[in-house]
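Here is how the chains run, residue by residue.
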Amino acid sequence: MTITFITGANKGLGRETARRLVGLGHTVLVGAREPEHGVEAAAALGARFVPIDVTDDASVAAAAANVAEHEGRIDVLINNAGIHGPAGDPSDLTGAEALAVLDVNLAGVVRTTTAFLPLLRRSPDPAIVNVSSGMGSLAYTHDPSRAESQVVAPLYTASKAALTMLTTQYAKGLPDIRVNAADPGYTATDLNGHSGPQTVTEGTDAIVGLATEKPGAGSGRFVDRLGETAWS
């Protein structure tokens, strides 16, 4: 049975991904920062809650130790936890705001991946799915026909561009593990005030697709719900 750990899985894309993967027979571990929300989500979904704050080294290490004790391995790590940060006019952005967004969206992925690599390497077919965004694409954000070009979210977009590049580097540096990035598309979640035209189920198509691929599928890819896409 496939064992999947998802960060930020108590709501939005993470929760829907957990729901769908439980339905497909995965043993799902719901990672969340706030225990009351994580416990509720896990109980509702038929999953197990594991507390994790991706901005805290000790919390991430404790989460990995928890999984090592209970499951002994994971097969899929889904780095989903993310925050949006300030939107609009960037005139008053601060370094502290930039570091706060990068701490979750980029450094949080590094912390979690490093801590969970020993558990992934116990799997016969380990995979990492990083939930990135087309908002980090230069091509998409300069194309007036795409919704990504209409949004000004300096720190979120920068963090997702960095995350997609980080994914390609992990894919090169970890040839024993399949590492890919998912672009959910413009999906109605708390992150955007539920303004996206896609349902949360549509938004998880790429994530679920990557999490359920067969052995031998490619690494270092950027995938949306319609398939693999070039990143630029």
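Use the structure listed above.
Quantities reported herein were computed from a predicted structural model and do not represent experimental measurements. By convention here, each chain's residues receive numbers from 1 onward along its written sequence. This being a predicted model, a pLDDT of at least 70 is required before a residue's local features are given, and a value of 80 or more before pairs of side-chain atoms are given or counted; all residues contribute to the totals for chains, interfaces and linings. Water and hydrogen atoms were dropped before computing side-chain values, which therefore reflect all heavy atoms in the structure.

(A) Representation of the sheet that holds strand S2 (residues 27-32) within the structure. When DSSP finds at least two bridges between two strands, those strands are taken to pair. Per the convention used, a helix needs a DSSP run of H or I reaching at least four residues, while a strand needs a run of E reaching at least two, with both numbered from the N terminus. Pairing is mixed in the open sheet, where eight strands are placed in the order S3-S2-S1-S4-S5-S6-S7-S8. A strand with exactly one partner marks an edge of an open sheet, and here the two such strands are strand S3 (48-51) and strand S8 (227-229). On average, each strand axis in the sheet is tilted by 25° relative to the strand beside it, whichever way the strands run. When strand S1 (residues 3-6) meets strand S4 (residues 76-79), the two strands line up parallel, connected through three bridges. Residue pairing for S4: Phe5 is matched across the bridge by Leu77. A contact between two residues is defined here by any heavy atoms of the two lying within 4.5 Å. Throughout, an axis means a line fitted to C-alpha atoms (over the contacting stretch in the case of helices), and angles, computed between N-to-C directions, take values from 0 to 180 degrees. Strands in contact with helix H7 (residues 154-173) are strand S5 (127-131), strand S6 (178-182) and strand S7 (222-224); relative to S6, the strand with the most contacts, it is inclined by about 160°.

(B) View of the packing of helix H4 (residues 95-105) against H7. Direction vectors running N to C along H4 and H7 enclose 40°, while the axes themselves pass 10 Å from each other. Compared by their axis directions, H4 and H7 come out oblique. Crossing of H4 over H7 shows right-handed handedness. Contacts between H4 and H7 pair Glu97, Ala98, Val101, Leu102 and Asn105 from the former with Leu155, Tyr156, Ser159, Lys160 and Leu163 from the latter. Residue classes follow a fixed rule: Ala, Val, Leu, Ile, Met, Phe, Trp, Tyr, Cys and Pro count as nonpolar, while Asp, Glu, Lys and Arg count as charged, and any other residue, Gly among them, counts as polar. Grouping the constituent residues of the contact of H4 with H7 by class yields six nonpolar, two polar and two charged. For classification purposes, angles smaller than 35 degrees are called roughly parallel, those larger than 145 roughly antiparallel, those between 65 and 115 roughly perpendicular, and all remaining angles oblique. By convention the crossing between two helices is left-handed if the near helix lies anticlockwise of the far one by an angle smaller than a right angle, and right-handed if it lies clockwise.

(C) View of the pattern of salt bridges. In what follows, salt bridge is the name for a side-chain nitrogen of Lys or Arg lying within 4 Å of a carboxyl oxygen of Asp or Glu. Enumeration over the complete set of coordinates arrives at 14 salt bridges. We note a salt bridge from Arg111 to Asp57, for which the minimum N-O separation is 2.9 Å. Highlighted residues: Arg111 in helix H5 (residues 107-120) and Asp57 in helix H3 (residues 57-70), separated in sequence by 54 residues. Judged by its relative accessible area of 21%, Arg111 is partly exposed. Burial classes: relative accessible area under 20% of the type maximum marks a residue as buried, over 50% as exposed, and values in between as partly exposed (1.4 Å probe, protein chains only). A relative accessible area of 54% means that Asp57 is categorised as exposed. Salt-bridge contacts for Glu213 lead to Arg221; the nearest nitrogen and oxygen are separated by 2.7 Å. A residue is classified by how much of its surface remains accessible, and Arg221, at 15% relative accessible area, is buried. Through salt bridges that share partners, Asp125, Arg178, Glu213 and Arg221 make up one connected network.

(D) Broad picture of the nonpolar core. Counting 27 residues, the largest nonpolar core has Phe5, Val67, Ile74 and Phe116 as its most contacted members. Contributing elements (two or more residues each) for this core: S1, H3, H5 and H7. In terms of residue count, H5 provides more of this core than any other element does, five residues in total. If near-sequence neighbours (up to four positions away) are discounted, Ile74 is found in contact with Ile3, Phe5, Leu29, Val67, Phe116, Leu119, Leu120 and Ser123. The term nonpolar core refers to a set of buried residues drawn from Ala, Val, Leu, Ile, Met, Phe, Trp, Tyr and Cys, joined through side-chain atoms within 4.5 Å. Residues Ala18, Phe49, Val131 and Val223 belong to the second largest nonpolar core, which totals 22 residues.

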